[in-house]
Each structure stands twice: as structure tokens, then as C-alpha cells.
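Here is what each chain is made of, one letter per residue.
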2 protein chains.
Amino acid sequence: MEETDHLSDERKKAEFDVDDMKIIWAGSRHAFDVSNRISRLVAKDPVFEKSNRAVMRRKELFKNTLRKTAHAWKMINELRLSDEEALKLKFFMDQPGFLDLHWGMFVPAIEGQGTEEQQQKWLSLANTMQIIGCYAQTELSHGSNVQGLETTATFDSQKDQFIIHSPTQTSSKWWPGGLGKVSTHAVVYARLITNGKDHGVHGFIVQLRSLDDHSPLPGITVGDIGTKFGNGAYNSMDNGFLMFDQFRIPRDQMLMRLSKVTKEGKYVASDVPRQLVYGTMVFVRQSIVSSASNALSRAVSIATRYSAVRRQFGSHNGGIETQVIDYKTQQHRLFPLLASAYAFRFVGEWLKWLYTDVTQRLEASDFATLPEAHAYGIEECRKLCGGHGYLWCSGLPELFAVYVPACTYEGDNVVLQLQVARFLMKTVSQLGSGKAPTGTTSYMGKTQHLLQCRSSVRKAEDWLNPGMVLEAFEARALRMVVSCAKSLSKFENQEQGFSELSANLVEAAIAHCQLIVVSKFITKIEGETKGKGVKKQLKNLCYIYALHLLHKHLGDFLSTNSVTPEQASLANHQLRSLYSQLRPNAVALVDAFDYTDHYLGSVLGRYDGNVYPKLFEEALKDPLNDSVVPDGYREYIRPLIKQHIRSARL
Amino acid sequence: MEETDHLSDERKKAEFDVDDMKIIWAGSRHAFDVSNRISRLVAKDPVFEKSNRAVMRRKELFKNTLRKTAHAWKMINELRLSDEEALKLKFFMDQPGFLDLHWGMFVPAIEGQGTEEQQQKWLSLANTMQIIGCYAQTELSHGSNVQGLETTATFDSQKDQFIIHSPTQTSSKWWPGGLGKVSTHAVVYARLITNGKDHGVHGFIVQLRSLDDHSPLPGITVGDIGTKFGNGAYNSMDNGFLMFDQFRIPRDQMLMRLSKVTKEGKYVASDVPRQLVYGTMVFVRQSIVSSASNALSRAVSIATRYSAVRRQFGSHNGGIETQVIDYKTQQHRLFPLLASAYAFRFVGEWLKWLYTDVTQRLEASDFATLPEAHAYGIEECRKLCGGHGYLWCSGLPELFAVYVPACTYEGDNVVLQLQVARFLMKTVSQLGSGKAPTGTTSYMGKTQHLLQCRSSVRKAEDWLNPGMVLEAFEARALRMVVSCAKSLSKFENQEQGFSELSANLVEAAIAHCQLIVVSKFITKIEGETKGKGVKKQLKNLCYIYALHLLHKHLGDFLSTNSVTPEQASLANHQLRSLYSQLRPNAVALVDAFDYTDHYLGSVLGRYDGNVYPKLFEEALKDPLNDSVVPDGYREYIRPLIKQHIRSARL
């Protein structure tokens, strides 16, 4: 039986072919087919139910995640899912759990840093899940600074073993997902010490728990680090702590692709290029970018649909109120986020391609700014839903809670932004050398032009000219970078200058990163796209994305003279017109993400827009509604009402 | 036994008298004494323990809140606390619960809108808590737009009663705190209908539950709306839904101060000025401002102390790492928030004074922008704590979850910002009339000057001149307001213009609001302040506050020509120097808030800085650590490891 579609009027308004846009969003028809099929497979399986996560206690939630994981693994085997299908299953399951770390960090660490022999041995165990691994790097008081780790691995040549040890409480491993209660093994990072010499941090494969009864091995203390942000959310994960008391492992469990220790305790570095072994890091950064795009697109789906359902004000004489999505203020906040979701989807695609090219891998850190922008976007979407966005069943609180750690994992993003800034300073300093900049910095090859050019925008429509938009972003980024380089050159001590100017350097790095996103979006709209009206929509989204950034960072553009106040005002004018053009297509543009109601997990974002009756249904499920008179009435409410005292007011 | 103070070196660095600053923060010596005494009374009482909130189920958490409330009420009576002391007790208890609504909305609504007779009857019951009340205004699909409410109160002259009725599911009351499980009574807003005529929305006192057994009265359907954002947080509150099925109340339970219905069903408006009855709204807005300042100051305390404890990078040869608070990037993000906490404290003081003046009450909406700025600040503080800020025991997740609804209650803030904008447009339009603007808009009296003036800042130190700072903010606000007014005048239809330009109008309103905060801070530093070095610190904070706003909204200042790019660059230069001056005083400046560890509720923000051992203690309390081998191992982990299959990878 079909339910009424409360959003059907919205869907009829669309001026483009949604099915074609779905394929563009997915990346290819094949990718769309897989996602579509697997997401529906997950949605209809009762084991993957997730609407009850908020009311579960930590232990229940954790056990429920173990159940889902075991079930997923069973499905993968029974249905003989391909790697691609299995990844999608994990994705649509939408529950953080130990598998993320086993497949996402443990296995890639061995692939990247293990010798062929080590890979053969350990990957065969890991790929069949005979062992479950995690990635034990960060310590209680050591996050971003890997070189500051305190855990030691001291070589004992007599027994041909390493002694892994936690010398202090602060050296306890802290945070690794899957460590607290599940993992049987870990890749542990520790300072390698041979013959009294400290060779810095290296990776070791360490067994933590018995494969018979799961109890921690002697010398290992391990547990969960406690409750985290949000109901549900990452509380399904056993992020753990781990301490070693003189724990011994065989010499061949040091990951030796990059450097090794001989039987005699001699430290030998290999000639494998370091870039090749950054597999784990690269994997993580790529995941951060794709999860940024996913999380934002989910939040935007919810906020867009609910903005079309919700009505406020605007009625006269008791008539029907105005749809919230018709307010300019709502459009001004929502539509740039919708455009960002598309922008980051396309950057993500390009990044995937970039990662296949080893020499360009390090540019990954250009995207340090993504997580912040997206956490902001999710919270903004929550607010765009009004008060109901604060209900757990809106899906937005959990989305935020699951997503925000992206702003701090891999260390503080500022650290990454400063890395980008260093790279930009280096590129600028080499400009005179005749070596043309390539990749994301190739625009710096036009330095002379970009330092002098004046934007030729004369009327609002000029802001729909890709060349003019791009030039404004290039001029702004380049001038900020050059200005930093000049200020830096006035310091005698480069490091001190870098520290003193770090806030400016971060801003220059952000400008550079935004330019790249804009330029990749422009590349996308200049390429071939199939489907009725699709290209027109992508163009609108692209210019909304670029012009809202121009507005948001107007200070940068004006202070570098990249645009004039009049040109900025024309851009705002154009932006308002683009919002009006986007409006009738808004709901269809989020339909193109093809998310199931199960995956969205939001009463407000339901495909059919049937929000209000379902909010009631959800409310009635809360355990607090098990009884009409609440537990505690006899003890704490009745005596209060019945005591008949006169007293001070509270 | 005294524990070691890990932050004692930081405290020694302070260049001012912290005890004197504590009094300035509190507002007076008396206010400090009360806060100090009551906060310690709460902290040492085991009933008020709150570190276990995250692991409680909803029902437990709710019952625990009832217990705390009953205990607080007992203390108030037994210790004969004054109103002021009782309010502080509630504040330091730090647990949202039904008392907030009873005292904060139910009682003020009767005070503001009830006749003297009604006040006599109902306040005597409410003040002794023989009845518990809440405030039932918003409905499932009606928030900000009070005039759109659907619930009806139809007068039946035969029985001299009103019939309260919910005609649709969407007219169900939804959100009122204390309604779901506790309140015996409510002030209910409904459309008054007499003799078939709709007189718009009015308030009625309605009994909901039996005073004998607490069961809902016939015709009343009531319950809890379900889980909200965060672990703990507002889940201790029974926000509720409420539907009426032809429910009858006596005529004299309509709140009749403003207008009444006679026995014959005649509707009579009184001549009481409407402003006098806005008590409830005013109370709520004032609370929003003070809770904004409180929440931000708590978050800043935590982030500042932990930034002094935490070390990252900067060591050479394994030496001690650099305190995170010494990094310029950290200072650039943290110190403006510290300055904001002070700025809003002083604005809050001024607002309290403003509320005593009825004619100025409506300016309250000028502060519509506060909640957003603060929610951002709390989240930024969480990120400034690195990964550990994501742990519940850091206190920051709950602070955020408790605080964010301030961004959406009272309706979307944009609605309030647009009210401010309307007021500003009206003020500008009257400028020619010879009526000098007063209050917060008095700067508009200098319109001619402010439209033409050029900032006379020539060197970085000029940005420490209060007149020059103020003029830049005045020029920016005025020029944005005037520019909006000009654009507006080009529209034939004013309402359409207002809608089209709403994004610009919101920005002008924000500029106006920021000017007020800056000007109130400047007033504070120009007044008398007692205590060694105190004034110097307040000055630094004031200029940090102003100059970081200038930097953040540079686009506004440049596009209105209120400053030049060169002057903006001098402001940044001055800002960096102010950060260095603030640095040695940072920890002492948050000590001045005088928050107990109980109130802060944060392992990272502990007064003694003994963070790491305490993180371990907290972790070990998590129920997931009750057993070493987790529940679910036999069912879901062991079979996985033991199944020995070869399969696709996930």
C-alpha cells in the first residue's frame, strides 16, 4: 500500500531529470546500482534497525553493534558480496564499530609497512577475520605529535624479542577504536630502542588477547575509555586504553618494510620511498573527505525536505502558512549548504583519482579545512529545522555527534592547515627558480598576472562567467600567500616568524583550499553531463557555492583588492537570483542523493514528508512513556505538592 | 590533605589581583559571597552528584532529577534561603528540570497576565508548590508564530465555561518543559472564540492532572516527546505533548488582565499597556543572555586550563613539549572567546538594568545574535581541547547539548534578528523628523558625521583608543543600516523588499548588536574599577573582543569604507600583541569566574590541572568496563574468529 507523498508537489516542480542526477551523484551507473541495491537490502533487514539506539544503555548498544557486525559478515559471505558491495553494506549499516578500524587501519598498516613475508602471514589471518586488529598510535597525552610518543620497544638480542613497555601513565595508548573490548591484535607504535639508541617511532604487530577465551594476555592492561559525545553515536565503539608491562613480542613482529632490526640488534633503513608507506594515513584522509560529503548531504536532505514540509507565518486570516523554504533567509543559509554537498562530492571524486598517483598524495592535506566546514554545516541544518531538530529522532544530533570528531582526529586541523601553509610558502619561494608549479598550485605560475589583475566584472551576470569567478579566487589566494611570504621574510628567525604569523598562514591555506574546490566544481560543469536540465542545475550549484564563499570571506577579497565593494554587491545580487532559480529544484536535488529513510534515520527528513504523525509515533516509544504516572512520583512529587509549607521561592 | 596544584606556575604568572576580579565578575561583593557559598554547599552534597548522568537511562535520569529537585526544595526551606540564594542553588545544581518552567514561566505568566484576584488565588498555590505549573504555548507545527496556534478555547455561556480543544494532531502542544510527566497545571495558549468570533490567542490556567493520584484528567492526553540531543543534558526534562478533547474550565481561569470575557460572552479589552504584560517573554530573553554568558565562560574555563596542562610538539631531543596555550593559533582562537565571556557578562549586567525600565524592554531583541555566537564558542572550546574534548567527562559535549536549544527556542533567531532590523529601519526613516534617536540607537543621531568620517587610525596603538574603536563600529553599523534602508526604498512593495533583502538586513542587525556589546564593554573599562592590575586586564579583553570582531567581519568594515585594508592590518598587528599580553593572565582570568569543579563538571577543566590520572578514573567507571570480556563475546565475536572461512573483505 502506497502512502501519500506529502512532497509530491515539490517533486513535480523539478526542472531536471532526477534519475540522471542520481547517476552523477553516485559517480557512474554501476556505482548507483550497487548503492541503490545494497542500501535497500540493509534497510529492509530488521537486524540493522537503528531507531532504538538512543534509548539503549552503553552495554546494550555495544552488544547490539557486535550483533550487527556479525550479521553483516554473515551476509557478505552468504551472498558472496564483492569488495565494493561489502563496503557499501558497511556504509549503509551506518554504525561505527570495530570493523572500521580492522579494515580501515589495521589491514592498511600491514599492507603499507609490512614486508612481503609479514603481509602473507598477517593479512591471511586478518582478511578472514581469524584475528581482529586495531591501530594503537595516540597516547593519553600525545595526539598529533607522533614523534612525541612515549611507549618503548626495546630490543633484547638474547631472546630475539622486543620488550614493549608503557613507562608512564600518560604513555598509555588512548582512543584507538576497537581496542577496548574487541581487538585480538593491534599495530602498536612505539619508540624503537636498540643497544640503548632511540631510533624514533616504529610500528609493531602485537597480540593483546587470548584467541581462546578473549582475556588480555599477561602484561597487557586494556579497557574502554568511557562515554563519548551524543546518545548512540560513537558510543557503539569501544575506543580503548592500553598499557604494557614489559610485554615481549618476537623480533619479526616489527613492521619491517621501511627499516628493520637484525638478529644482532643492528638498525637498517630500507630504500623504499617513504611516500609508498603512507597508505594508512592516506586512507584515513580520503575517508575524512568522503565522510564529510556524506554527513553534510544527509543533513542537507533532512533540512531541505523538512523546510518544504514546515510552514510558519505568512498566513492572513487563518489561511495556510508559508513553507519555510520560501523565506529568503532560509534559502540564504540552506542553499549554500546544498551546493557545498555537491561541491565536496566532486572534490572527493577528484581526490580518489589523485590518490592513485603516489607523487601527489601529500596534497591530501590541502583538505584539512573540510571537516570544520562540514560540522558547521550539520549544526546549521539542525537549526534550520527549528526546535524539532533538537529531538534525537530528527537524526541531526547523532549525525553531528558522529561527525564532529573528524574535526579533531588526525590531530587538530590547524596542524594540517599549517602543513599546507608550509607547502605554499615553499612553492612561492621557488617561483623564481624557473621550476613551474604543478598540481593544485599551478595557478601560481601566473603570479605576475594575478598580482596585478583587476576583476573585469561589470554586471551581476558576469559572476556566471567561470573565468571571472576563478580569477577572483586565484587572485585572492595568491595575494594572501604572497603577502604571508613577504611578512615572513622580515623575520630573522623563520620558525619564529612562522609561529607569529600562524593565524594569517592558516587563512591563506584556507583560501588556497577553497580555490581548489571551486576550480574542481568548475571543471565538472565544463565537462560533459547527460540528462535533461542536469547541467543547468550543476551550474547554479557551482555559482552558489563560489559566490557564497566570496560573501563569507569578503574581507579577504576586498583587502587583497581581488574584487571591489561594487563587484561584491553585484555578486550578492546574482546570488539572490540563483537562490530563486534553485528553489523549485531543491527537494529533487536532495532526492538525487538516493538515501533511504533507514540511512537518513530522520523523522523530519522522511521521503514522503509525513512528519507530524511520525513524530508522535516516535515520542510514544520513549521508555518514559511506559507509564502515565512516572516512576518517582510517590517519592519526590507527591510529598512536594502535599507538604503545605509557605516558603521562599526558588 | 591538599593535592598538588599542577597549574600553580600559571597562577603565579598573573599580573592582577584575582580576588578583586572575582568581585567584578560576580557584580558585587555580596553577589560573590552568595555565589561562592551556595556553589560550595551544592558541590559537597552527594545528592547533587552529576558525574553519573551520562550512564543513566532516561527513566533513571528523570527520577534522579526529581530527587534532586525535592532535595533542593527541602534545603531551601530548612536553611531558610532567600530568593537570591535559592536561585543560586538552582543555578549551581545545574540540572534542567521542571522547576525552571514552574518558576521561570508559569509563575511570571500569572504575574504578568493575571488579574489581582487571579494572582492572589493562583500564586499562593504556586509559590508553595501545592501546584506545579508549566507554559504550554508551542504546538507540533507552530513555533515562532504565536498567532498561528490552532488550539481553541470556545466560550459556553450556558455553563460559564471555556471548552479547550485540539482540533487536529498538529495542534497538539509540543515541547513545553515539565509538561510530559510532572506538571499539575499549565498556562495554555489558545484561540479565544466567543459567539463564533475568533479573538486571537489568549492564556488560560488549566489543571492537567489529579492532585490526588497524578493521573491526567478526563479529556487530557499528555506524555513525553522523547529523547533529545546529548547524553544527560535536557533528557532530564520531561518536555511534553498535550491534547485536549473538549476539556472544560471555569470562565475565571482565562488570564484576564489584558482582556476579559464577561458572563454574557462579551469580549472586553482592558487599557493595561501591553508592554507591562510581557513579563514572561522578558524573563526568558534575560535568561537566554545570562545562560549564554555562563555557558561560554564554563567552556572557556575548561579550554583555558586544559590548554595550559596539555603539551604538544616543540620538544627537541625528547625534552618537555610546548604548552598548547603558547601556540599563536591556539591563542588566536581561545583568547577572543575568553574576551567574549567577559563582554557578555557585562552586557548581561546592563541588560538586567535595562529590564527594570519598562519602556526599554523591547530592545531585548537586540540580543538575538547571542545564542549563536555562544554555541559556536562552546564547540570551538571543545575543539581547542583536541580529541579528549569529545569524551563526555570533558564536560563539553553536555554543555553544548544543554546550550544549543538557545539557538532555536523563542523561535528561530532569524525571526528575532529581523525584528531588530525592522526597528532599525524605522529609526532611520524617522531621522529627518527631528526626533533624536535614544537608547541603543542614539549613535544614529550622528548620522551625517558617521556617513562621512574616515578612521584616523595611523599606527597599531591607535586601536587602543576607545574613541577610534567605537567610531569604526558605529560607522560600520550605521552605513550598513543606511544602505539597507536605501535599497529598501527602491521597492514599491515594502514587504517584498524586506523579504528580498532579508539576508542583508540580518547582517545589519548583527552589526548593530555587536556595536552595543563593544560600547558596553568600553563603558565598563572607562568606569571605576578596584584592584591591582584589574583594569589593565579588562582593557586587554575589551580590545581583543573588538579587534577580533573587526577581523572576523572585515568584509563589512572594508565594503563600508569604515576602515582601510592598511588599518585592518594594523588592527591584526595590535591583536597579536594583545594576545601576548593576555597569555600570562589566562588561567587567572578564568579562575576569576570562581567555578567549582562540581559546577564545571569537567575532568579537563579541573582546578588543580590533574587531568590524566582522573581521565583514567572516569574511564574505569564506565559500565562497559564491568567485565574484561564483554557481554556479547560468546555470541558475536568468538564465532567470527573461529569460523575459518575465506571470504570477501569488508
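Residues numbered from 1 in each chain as written. Chains lettered and ligands numbered in written order. Predicted model: local features only at pLDDT ≥ 70, side-chain atom pairs only at ≥ 80, totals over all residues. Heavy atoms only, no water.

With an unreviewed UniProt entry as reference, chain A is termed Acyl-coenzyme A oxidase, source organism Arabis nemorensis.

(A) Molecular detail of the overall build of chain A. The helix and strand tally for chain A stands at 23 helices and 11 strands. The globule rule puts the C-alpha radius of gyration for 650 residues at 26 Å, and the 27 Å found for chain A is close to it. Dimensions of chain A, computed from the C-alpha atoms along their principal axes, are close to 90 × 80 × 65 Å. For chain A, the proportion of its 650 residues judged to be buried stands at 62%. For chain A, contacts bridging at least 24 residues in sequence account for 74% of all contacts bridging at least 6. (Helix = DSSP H or I, 4+ residues; strand = E, 2+ residues; numbered from the N terminus. Rg over C-alpha atoms; globule rule 2.2 N^0.38 Å. Buried < 20%, exposed > 50% of the residue type's maximum accessible area, 1.4 Å probe, protein only. Contact = heavy atoms within 4.5 Å.)

(B) Up close: the relation of the copies chain A and chain B. When chain A is brought onto chain B, the operation consists of a screw motion whose angular component is 180° and whose axial shift is 0.0 Å, with 0.0 Å RMSD remaining. Such a combination of rotation and displacement between the chain copies is what one expects of a two-fold axis. For chain A, the smallest separation between a C-alpha atom and the rotation axis is recorded for A:Gly555, amounting to 1.8 Å. A symmetric contact is evident, with 100% of the interface residues of chain A recurring at the interface of chain B. (Least-squares fit on C-alpha atoms with pLDDT ≥ 70 in both.)

(C) Region of interest: the interface of chain A and chain B. Tallying the contact residues gives 142 residues for chain A and 143 residues for chain B. Between chain A and chain B, roughly 13,400 Å² of surface is buried when both sides are summed, and carbon and sulfur atoms account for 61% of that area. Broken down by element, the side of chain A that touches chain B gets its largest block of residues, 11 residues, from helix H4 (residues 58-78) of chain A. Considered class by class, the residues forming the side of chain A that touches chain B number 66 nonpolar, 42 polar and 34 charged. (Buried area = accessible area lost by both parts, 1.4 Å probe. Nonpolar A, V, L, I, M, F, W, Y, C, P; charged D, E, K, R; others polar.)

(D) Up close: the sheet that holds strand S8 (residues 240-244) of chain A. Pairing in this open sheet of three strands is antiparallel, and the strands run S4-S8-S7 (chain A) from one edge to the other. On the outer flanks of this sheet lie strand S4 (173-174) and strand S7 (220-224) of chain A, each paired with one strand and no other. The pairing of S7(A) with S8(A) spans five bridges and is classified as antiparallel. Within S8(A), the position partnered with A:Val222 by the bridge is A:Leu242. Of the strands in this sheet, S4, S7 and S8 of chain A touch helix H22 (residues 611-620) of chain B, which is tilted by about 115° from S8(A). (Pairing = 2+ DSSP bridges. Axes fitted to C-alpha atoms, helices over the stretch in contact; angles between N-to-C directions.)

(E) Representation of the domain arrangement of chain A in the model. Residue and element names in this part refer to chain A. Each domain of chain A was delimited in the assignment, giving domain 1 (20-95), domain 2 (132-276) and domain 3 (280-590). Each of domain 1 and domain 2 has a C-alpha centre, and the two are 31 Å apart. Counting residues at the interface gives eight residues for domain 1 and 12 residues for domain 2. Interface area, domain 1 with domain 2, both sides summed: about 690 Å², of which 61% is carbon and sulfur. Together, Arg 58, Leu 61 and Phe 62 form the three largest contributors to the area buried by domain 1 at its contact with domain 2, with a combined 71%. Counting across the domain 1 and domain 2 interface gives one salt bridge. Salt-bridge contacts for Asp 224 lead to Arg 58; the nearest nitrogen and oxygen are separated by 2.8 Å. Here domain 1 is connected to domain 2 by three residue pairs in polar contact (both at pLDDT 80 or more). The residue makeup of the side of domain 1 that touches domain 2, split by class, is four nonpolar, two polar and two charged. (Domains from an automatic or database assignment. Salt bridge = Lys/Arg side-chain N within 4 Å of Asp/Glu carboxyl O. Polar contact = N/O pair within 3.5 Å; in protein donor to acceptor, adjacent residues only side chain to side chain.)

(F) Representation of the sheet that holds strand S8 (residues 240-244) of chain B in the model. If you trace the three strands from one edge of the open sheet to the other, you get S4-S8-S7 (chain B), paired in antiparallel fashion. Of all strands in the sheet, those with a lone pairing partner are strand S4 (173-174) and strand S7 (220-224) of chain B, marking the two edges. Pairing of S4(B) with S8(B), which is carried by two bridges, proceeds in the antiparallel orientation. Bridge pairing in S8(B) links B:Lys173 to B:Leu242. Contacts from helix H22 (residues 611-620) of chain A reach S4, S7 and S8 of chain B, with the element oriented near 115° to S8(B).

(G) How the structure looks around the packing of helix H3 (residues 29-43) of chain A against helix H5 (residues 83-93) of chain A. Residue and element names in this part refer to chain A. In the contact formed by H3 and H5, the axes pass within 9 Å of each other and the chain directions differ by 50°. As summarised for this structure, H3 and H5 are arranged oblique, according to the angle between their axes. Handedness of the H3/H5 crossing: right-handed. Each of His 30, Ala 31, Val 34, Ser 35, Arg 37, Ile 38, Ser 39 and Val 42 in H3 lies in contact with H5, whose residues at this interface are Glu 84, Glu 85, Lys 88, Leu 89, Phe 92 and Met 93. Class assignment of the residues belonging to the contact of H3 with H5 gives a composition of seven nonpolar, three polar and four charged. (Parallel < 35°, antiparallel > 145°, perpendicular 65-115°, else oblique. Left-handed = near helix turned anticlockwise from the far one by under 90°.)

(H) A look at the nonpolar core. Among the nonpolar cores identified, the biggest contains 351 residues, and A:Trp174, A:Tyr342, A:Leu615, B:Trp174, B:Tyr342 and B:Leu615 are the most heavily contacted of them. A:Leu615 has contacts with A:His388, A:Leu391, A:Cys393, A:Val603, A:Leu604, B:Leu140 and B:Trp174, leaving out every residue within four places of it along the chain. (Core = buried A, V, L, I, M, F, W, Y, C linked by side-chain atoms within 4.5 Å.)

(I) Structural detail: the pattern of salt bridges. Tallying each qualifying case throughout the model produces 84 salt bridges over all chains. Between A:Asp198 and A:Arg191 there is a salt bridge, and its shortest N-O distance comes to 2.7 Å. A salt bridge links A:Lys642 to B:Asp212, with the nearest nitrogen and oxygen atoms 4.0 Å apart. Here A:Lys642, found in helix H23 (residues 633-642), pairs with B:Asp212, found in the loop between strand S6 (197-207) and S7, and the two come from separate chains. Given a relative accessible area of 35%, A:Lys642 falls into the partly exposed group. One connected set of salt bridges, linked through shared partners, spans A:Lys50, A:Arg53, A:Asp94, A:Arg298 and A:Glu398.

(J) Representation of the side chain of A:Gln137 in the model. All names here are of chain A. Following the sequence through the fold, Gln 137 ends up in the loop between strand S1 (133-136) and strand S2 (152-156). At a separation of 3.2 Å, a polar atom in the side chain of Gln 137 contacts the side chain of Tyr 135. Not counting chain neighbours up to four residues away, the residues in contact with Gln 137 comprise Val 146, Leu 149, Lys 173, Pro 176 and Tyr 189.

(K) Quick look at the side chain of B:Lys90. Secondary-structure assignment places B:Lys90 in helix H5 (residues 83-93). A distance of 2.8 Å separates polar atoms of two side chains, one belonging to B:Lys90 and the other to B:Asp100.

(L) Focus on the packing of aromatic side chains. Across all of its chains, the model carries 56 aromatic pairs over all chains by this definition. Look at A:Phe400 and B:Phe229: their rings are 6.3 Å apart centre to centre, the planes differ by 65°, and that puts the pair in the edge-to-face class. Linking A:Phe400 in helix H11 (residues 396-403) with B:Phe229 in the loop between S7 and S8, this pair reaches from one chain into another. By relative accessible area, which is 3% here, A:Phe400 ends up buried. By way of ring pairs, the aromatic residues A:Trp175, A:Phe229, A:Tyr234, A:Tyr390, A:Phe400, B:Trp175, B:Phe229, B:Tyr234, B:Tyr390 and B:Phe400 are connected into one cluster. Taking NZ or CZ as reference, A:Arg298 lies 4.1 Å from the ring centre of A:Tyr599, over its face. (Phe/Tyr/Trp six-rings, centres within 6.5 Å; stacked < 30°, edge-to-face > 60°. Lys NZ or Arg CZ within 6 Å of the ring centre and 35° of its normal.)

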